[in-house]
Amino acid sequence: MGVILTGCGEKYTTEVKENIIIVSNEDGATLGYSNTSGVTILTKDRYAFKDLNKNGALDDYEDWRLPVAERAKDLAGKMSLEDIAGLMLYSSHQSLPGRSRGFGSSTYKGKPFPESGANASDLSDEQKKFLKDDHLRHVLITSVESPAVAAQWNNNAQAFAEGLYLGIPVNTSSDPRHGSDSYAEFNAGAGGDISMWPGTLGIAATFDPELMKQFGEIGSTEYRALGIATALSPQIDLATEPRWSRFDGTMGEDPDLATDLARAYVDGFQSTNGGDWGMHSVNAMVKHWPGGGPEEGGRDGHFGYGAYAVYPGKNISDHMKPFTEGAFKLDGPTKMAAAVMPYYTISDGEGEKVANGYNKYLITDVLRGKYGYEGVLCTDWGITRDMTSVSKFEGKPFGVENLTVAERHYKAIAAGMDQFGGNNDMGPVLEAYKLGVAELGETAMRARFEESAVRLLTNIFRVGLFENPYLDVAETTKIVGNSEYMKAGYDAQLKSIVMLKNHNKTLPLKEKMKVYVPQRYVAPSTNWWGITSEPKTVDAFNMEVVAKYFDVVNTPEEADFALVGIHSPDGGVGYDSADLEKGGNGYVPINLQYGDYTADTAREVSLAGGSPLEDFTNRSYKGKSVTTINTTDMDLVNDTKAKMGDKPVIVSVKVSKPMVFAEIEPNASSILVHMGVQDQALMEIITGAAEPSALLPFQMPADMLTVEAQFEDVPRDMKPYTDADGNTYDFAYGLNWNGIINDARVKKYK
């Protein structure tokens, strides 16, 4: 990269690399722009500034010396109605490169990617359209071919957007992407596509806010190296309903622990080097206000059958606490989370009977009014789309099904929302504007749009994208998944594994003992998008990793011990079309045990219900039965014990939510539970190379009776399971080599 000194006496230097020009101001901002975008440099007071709107004058929004608030207000005032409408959009999921068919598919010069001759980092036809024609600037990316592809795509997208009027950069975002690949082997010297950590529920099991903050600091550095400036996380819903399918994305069920972890996560992501906003900062969009956890019966709000959150314990305050006392009261100077996403659900009894994104009471009166929240409010994805069934994965306009798409947009704006998730089309936003003008007048509606624009622009300005949104691709490959970050993630995995049982101190085991590892049967299943998987029998662990620690044998007779890997019960989603076809209402229980379950003690009448697509309001499932999909996991443990006789059976359970242990615990010598770790981390615990230190961030119920009796909105209100050794699997319980852990973490949170 050559340095070109620009003009005698100027306070900046210029560097050129490929198509990107970097301008370094002395004691000021570093600027980056593309030599293909038409942007030029203006000089004032001997400093350099980008002429983003190409008018030959230094506008306030281009002056990096001014406060962000002034710059955002200046730019909002210059924006056309179409510009603001586009800013209020958040794109549907984009993969790099785009898929050839199905969900998220796209084309390149009219052809699917494999036939197009395009590079993986090129913009798709759809991306060019929504950036140019719909003025969209917030893009959600999912899978990427590699960090280098993500970085180059970022540069291509930024150059494209920079060449358009006003030069507003792209604000790229991501759902959580730091999960562990159980079959990947950890090697401290080797980098990866991104550092691998346990999920947030796994980090919650460490009861260590400082570790959560460290994850945020590393995660944000990797995100910015990928071009990601907004995280659609953390999910800080209080997990008080044990049957909820999104339980494993939370920070557990305890309000105090979740609050401390939420604060640490947002501080880590938003601060640059522990300080204020900067070039390593990532906007955190906390979700889902006012807490998506208390779904009735555990049914999830991605579907009409899960449209209602209920509060039988009158306890919405606990669900708001991770927001109001955590994410909105940061220790660091960024002060509060940059954005908030409400959930799909109707919070029953809290204002109008509409989804949270339309609920003016919860948005304007409570969130903005009572708690003084000033950041961006973005709807969850697809709430303005139509729906045709309570059981299909489609639009979620709960409570406003009778409104048009444009009317739904207007109602959300009137409720206080700034942005629409999963909408690439500015048309409905412009229609909503017209509806507002008819009701309030042009002046008031323009002011309302500018109000949202200022909030949205603020989040783009303060992470430095207006100054330099470009990446050095070679630097990206060095940063993302480097050995230091990989080791930090791996160490966190070790700290996230909970030992529930260790009968007669079975663990740790000596290396090179003979181990029998039975294969696991995976039943056929159908995911949210209707994609089915075939039944299969698989290795429960990466056997190459197991073989580095133990001598793997083929029969129980040869073995010194058995190692069994299973998943927590997959007891359904709480709705079954077959029940509807038999004359029922479609609603069935969600099972947290492996054996069949009949809900004899469920509510006679549901607390909430009602949809234009149903001719009843009682969603009770009392008396109905459900069969767990992976009941063979229970059989695997119990059959292995029968074959092993008196020899130890070590059970590793990947848990996604609480479960009933009564069916397998008596036949396990030791039990380890985790929320997503590499198999190597489990081997390190089993052999004693690392000592278990994690605690349960939620209760394990004694049985399904206590699950039915608990209140969806109340934490820690179940009778926990007590095992054969007399240990109770309660919140904050865990074992180390010496027995039950009773340290400062337990004293603080239990």
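What counts and how
- Residues numbered from 1 in each chain as written.
- Predicted model: local features only at pLDDT ≥ 70, side-chain atom pairs only at ≥ 80, totals over all residues.
- Heavy atoms only, no water.
- Helix = DSSP H or I, 4+ residues; strand = E, 2+ residues; numbered from the N terminus.
- Rg over C-alpha atoms; globule rule 2.2 N^0.38 Å.
- Buried < 20%, exposed > 50% of the residue type's maximum accessible area, 1.4 Å probe, protein only.
- Axes fitted to C-alpha atoms, helices over the stretch in contact; angles between N-to-C directions.
- Parallel < 35°, antiparallel > 145°, perpendicular 65-115°, else oblique.
- Left-handed = near helix turned anticlockwise from the far one by under 90°.
- Contact = heavy atoms within 4.5 Å.
- Nonpolar A, V, L, I, M, F, W, Y, C, P; charged D, E, K, R; others polar.
- Phe/Tyr/Trp six-rings, centres within 6.5 Å; stacked < 30°, edge-to-face > 60°.
- Lys NZ or Arg CZ within 6 Å of the ring centre and 35° of its normal.
- Polar contact = N/O pair within 3.5 Å; in protein donor to acceptor, adjacent residues only side chain to side chain.
- Pairing = 2+ DSSP bridges.
- Salt bridge = Lys/Arg side-chain N within 4 Å of Asp/Glu carboxyl O.
- Patch = residues over 30% accessible without salt bridge, like charges linked within 9 Å, V, L, I, M, F, W, Y side chains within 5 Å.
- Areas by Shrake-Rupley, 256 points an atom, 1.4 Å probe, with all protein chains shown as cover.
- Lys, Arg positive; Asp, Glu negative; His and termini not counted.
- Charge placed at Lys NZ, Arg CZ, Asp CG, Glu CD.

## Quick notes on the overall build of the chain
And then number 1: A count of helices and strands for the chain gives 21 helices and 32 strands.
And then number 2: The C-alpha radius of gyration computed for the chain amounts to 27 Å, which stays within 12% of the reference 27 Å derived for 750 residues, consistent with globular compactness.
And then number 3: Seen along its three principal axes, the alpha-carbon backbone of the chain occupies a region of about 85 × 60 × 55 Å.
And then number 4: A total of 750 residues make up the chain; the buried ones form 59% of that total.

## Details of the packing of helix α7 (residues 209-225) against helix α8 (residues 255-270)
And then number 1: Remark: α7 packs on α8, axes separated minimally by 7 Å, with the N-to-C direction vectors making an angle of 30°. Taken together, the axes of α7 and α8 lie roughly parallel to each other. Helix-helix and strand crossings are classified by hand; for α7 and α8 the assignment is right-handed. In contact with Pro209, Met212, Lys213, Phe215, Gly216, Glu217, Gly219, Ser220 and Tyr223 of α7, α8 contributes Asp260, Leu261, Ala264, Tyr265, Asp267, Gly268 and Phe269.
And then number 2: Residues belonging to the contact of α7 with α8 are distributed by class as follows: eight nonpolar, four polar and four charged.

## A few points about the packing of aromatic side chains
And then number 1: Applying the stated criterion to the full structure yields 30 aromatic pairs.
And then number 2: With a centroid separation of 6.3 Å and an interplanar angle of 80°, the aromatic rings of Tyr61 and Phe466 are classed as edge-to-face. With a gap of 405 residues between them, Tyr61 in the loop between β6 (47-50) and α1 (68-78) and Phe466 in the loop between α13 (442-461) and α14 (473-479) connect regions that are remote in the sequence. Accessibility assignment for this pair places Tyr61 and Phe466 in one class, buried.
And then number 3: An aromatic cluster of at least three residues, connected via ring pairs, comprises Phe303, Tyr305, Phe393, Tyr575, Tyr587 and Phe616.
And then number 4: Over the ring of Phe393 we find Lys396; its NZ or CZ atom is 4.5 Å from the centre of that ring.

## Some details on α1
And then number 1: Listing the buried residues of α1 in full gives Arg71, Ala72, Asp74, Leu75 and Ala76.
And then number 2: Buried residues in α1 make contact with α2 (81-87) and α13.

## Structural notes on the side chain of Arg368
And then number 1: Tracing the backbone shows Arg368 in helix α10 (residues 360-370).
And then number 2: Judged by relative accessible area, Arg368 falls into the buried class, the value being 16%.
And then number 3: Reaching out from Arg368, the side chain makes a polar contact with the backbone oxygen of Tyr373 at a distance of 3.0 Å.
And then number 4: Within the structure, Arg368 has its side chain in polar contact with the backbone oxygen of Gly375 (distance 2.9 Å).
And then number 5: With sequence-adjacent residues up to four places away left out, Arg368 is seen in contact with Ile363, Tyr373, Glu374, Gly375, Leu377, Gly416, Asp418 and Arg455.

## As for the sheet that holds strand β15 (residues 339-342)
And then number 1: Read from one edge of the open sheet, eight strands run β17-β15-β13-β12-β11-β10-β7-β18, paired in parallel fashion. Every other strand in the sheet has two partners, leaving β17 (376-377) and β18 (420-421) as the edge strands with one partner each.
And then number 2: Bridging between strand β13 (residues 283-289) and β15 involves four bridges; their strand directions are parallel. Pairing of Lys287 across the sheet is with Met341, part of β15.

## Overview of the pattern of salt bridges
And then number 1: Enumeration over the complete set of coordinates arrives at 34 salt bridges.
And then number 2: With its nearest N and O atoms 2.9 Å apart, the salt bridge here joins Lys622 to Glu604. Here Lys622 is found in the loop between β27 (597-598) and β28 (625-626), whereas its partner Glu604 is found in the loop between β27 and β28, with 18 residues between them in sequence.
And then number 3: Note on Lys622: relative accessible area 35%, which makes it partly exposed.
And then number 4: Salt bridges here are not isolated pairs; linked through shared partners, they connect Glu241, Arg243, Glu296, Arg603, Glu708 and Glu712.

## A short note on the environment of Ile228
And then number 1: Mapped onto the fold, Ile228 is located in strand β12 (residues 228-231).
And then number 2: You can call Ile228 buried: its relative accessible area is 0%.
And then number 3: Contact partners of Ile228, with chain neighbours within four places excluded, come to Ile141, Thr172, Ser173, Ser174, Arg177, Tyr223 and Val282.

## Focus on a negative patch on the surface
And then number 1: A cluster of acidic residues, Asp551, Glu557, Glu558 and Asp560, forms a negative patch on the protein surface.
And then number 2: Structurally, Glu558 can be placed in the loop between β25 (551-553) and β26 (561-567).
And then number 3: Given the relative accessible area of 43%, Glu558 is considered partly exposed.

## Digging into the environment of Met279
And then number 1: By the secondary structure assignment, Met279 is in the loop between α8 and β13.
And then number 2: By relative accessible area, which is 39% here, Met279 ends up partly exposed.
And then number 3: In sequence terms Met279 and Val463 are 184 residues apart; their C-alpha atoms lie 5.6 Å from each other.

## Re unusual backbone geometry
And then number 1: For the bond running from Leu96 to Pro97, omega is 0°, close enough to zero to count as cis.
And then number 2: By secondary structure assignment, the location of Pro97 is in the loop between β7 (89-96) and β8 (107-108).
And then number 3: Residues Lys287 and His288 are joined by a peptide bond in cis, for which omega reads 10°.
And then number 4: Its location among the elements puts His288 in strand β13.
And then number 5: Phi at Lys505 takes a positive value of approximately 50°, unusual for a residue other than glycine.
And then number 6: Relative to the helices and strands, Lys505 resides in the loop between β19 (498-502) and β20 (514-516).
And then number 7: For Lys505, a relative accessible area of 54% translates into the label exposed.

## Here's the deal with helix α11 (residues 405-415)
The α-helix winds at 3.6 residues per turn, so residues separated by three or four positions along the chain end up facing the same way.
And then number 1: Along α11, the residues that are buried comprise Ala406, Arg408, His409, Tyr410, Ala412, Ile413 and Ala415.
And then number 2: Turning to α11, the residues buried within the fold contact α10, β18, α12 (427-440) and α13.
And then number 3: Remark: Gly416 follows α11 within two positions and exhibits a positive phi of approximately 120°.

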